[in-house]
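# Structural features, examined
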Amino acid sequence: MNKIELLLPAGNKEKLEYAIRYGADAVYLGLVDFSLRAMRKGELITLDNLKSSVDLAHQLKKKAYLTLNIFAFNRDIKLLENSMERISESKPDALIMSDIGIMRTARRFMPDIPIHVSTQTSTLNYEAVKFWQDFGAVRTILGREVTINDMAEIKRRVPDMELEVFIHGAQCVSFSGRCLISDYMTNGERKANQGNCCQPCRWSYKLVEETRPGQYYEIEQNERGTHIMSTKDLCLVNHLAELIDAGVDSLKVEGRTKSLYYVSAVAKTYREAIDAVYKDKNADMSPYFNELLKVGNRGYTTGFYLGGGEYPNDGYSYDISKGLAGADFLCEIFDKKDEYYKIRTKNKFYINTDIEIISPTEKFTAQALEIKSFDGQNREFANTNDELFVKFNKPVVDYKYAIVRTMGIKNYEN
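Residues numbered from 1 in each chain as written. Predicted model: local features only at pLDDT ≥ 70, side-chain atom pairs only at ≥ 80, totals over all residues. Heavy atoms only, no water.

All of the buried residues in helix α2 (residues 50-59) are Leu 50, Ser 53, Val 54, Leu 56 and Ala 57. What you see down the axis of α2 is that its buried residues fit within an arc of 150°, all on one side. Of the surrounding elements, those touching the buried residues of α2 are α1 (13-21), β2 (26-30), β3 (63-68) and α3 (74-90). Once α2 finishes, Lys 61 follows within two positions and takes phi at roughly 65°, a positive value. (Buried < 20%, exposed > 50% of the residue type's maximum accessible area, 1.4 Å probe, protein only. Helix = DSSP H or I, 4+ residues; strand = E, 2+ residues; numbered from the N terminus. Arc of directions from axis to C-beta. Contact = heavy atoms within 4.5 Å.)

As structure tokens, then:
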């Protein structure tokens, strides 16, 4: 039996490499015009660098899947037809698609590239999975509304179809993410299913009574605030053994717009957790859950996965709209000169304070003994967006891809 795949987002080329080095078996990446997440930072993945991005994943002996999962209008099909030659030349390991028109177009131009059916199709049952198998797809990404028990039944009934499920990250309040609220609230300027959602489900709302214009009333639910549509983030690290037993082939992490730190830390945690489960199905998952509390989240929930098709009452984040991290991303290390490491600072930190360093092969507590500018000036602290030299009290072996964060949460009983 093949080991289950860990699939991480690659919002740009840097995150692609870090995701793989921190433990991903495969990454999914989206072209700016054809995916549901519009990146704004880093070296974005475009037609010009798509081939080099896929080549990078292959050089690291991992897979790269390309998402073409917008809901397409005529203009999108025409644009896609003009892009197909360059997409084909990049040789992705599969295409993730939801729109039938895009599927037909892709199959016409690239008949040999496997089709993965996007979660946007709301595939929830074995008959729908059989339909996609008859269509020629090799993998279905099930909707987040499917329970683990239903996943197991789907696999029993369609054993030669690969199943992929989301296990971690932000969730959409709409069914399988098919939302029109963003379109409506921005007069069509921020279309959710064209890769530019403004996330109105995270906004705080008030009521107004039509005969009393200008008088606003708080929407409250047990005094927990007004974020009435904001779901908690998904986290299934405590249920990996059940997902493996259900026959799932790929475990997917959401987050192409998340930070380099988020992608790296989540990849490392799930990689170690999956490996632990394969060694011992009853392995304690609480250390891994604690690690996931150190990355941005709105509180965690298991969503629909454990129940009988109903979302849990505690699955909404009534108090906050933005994810809060249990540890702050301080800097990334990118080079070394003698005993000093070159860093890019993300958040301010001081010398002689406890910090935590993680890399693809390490995790330990350390201190910055010295901080210097590139021209040799001593500093008491590293400021946001600085590039500096730092000397730590412990060596960082795998330093080229190491990340530094605050100590954050040390213990948490879930």
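Enumeration over the complete set of coordinates arrives at 28 salt bridges. Between Asp 55 and Lys 51 there is a salt bridge whose closest N-O contact spans 3.0 Å. A residue pair is termed a helical-turn pair when its members lie 3 or 4 positions apart in one helix, as Asp 55 and Lys 51 do in helix α2 at four residues. According to the relative accessible area criterion, Asp 55 is partly exposed, its value standing at 26%. Ionic pairing is found between Arg 405 and Glu 356, a salt bridge with its closest N-O pair at 2.8 Å. Linking Arg 405 in strand β21 (residues 403-406) with Glu 356 in strand β16 (residues 354-358), this pair joins segments that are 49 residues apart in sequence. Grouping residues by exposure puts Arg 405 and Glu 356 together as buried. By sharing partners, the salt bridges in this structure join Glu 5, Arg 139, Glu 162, Glu 164 and Lys 252 into a single network. (Salt bridge = Lys/Arg side-chain N within 4 Å of Asp/Glu carboxyl O.)

Their axes nearest at 8 Å, the elements α2 and α3 cross at an angle of 20°. In terms of their interaxial angle, α2 and α3 are classed as roughly parallel. α3 is crossed by α2, and the crossing has right-handed handedness. For the pair α2 and α3, the contacting residues are Leu 50, Lys 51 and Val 54 in the first and Ile 87, Glu 89 and Ser 90 in the second. Residue composition of the contact of α2 with α3, grouped by class: three nonpolar, one polar and two charged. (Axes fitted to C-alpha atoms, helices over the stretch in contact; angles between N-to-C directions. Parallel < 35°, antiparallel > 145°, perpendicular 65-115°, else oblique. Left-handed = near helix turned anticlockwise from the far one by under 90°. Nonpolar A, V, L, I, M, F, W, Y, C, P; charged D, E, K, R; others polar.)

One can find Tyr 65 in strand β3. The spatial distance from the C-alpha of Tyr 65 to the C-alpha of Leu 95 is 5.8 Å, given a sequence separation of 30 residues. For Tyr 65, the contacting residues outside a window of four places in its chain are Glu 5, Leu 7, Ala 26, Val 27, Tyr 28, Leu 29, Asp 93, Ala 94, Ile 96, His 116 and Arg 139.

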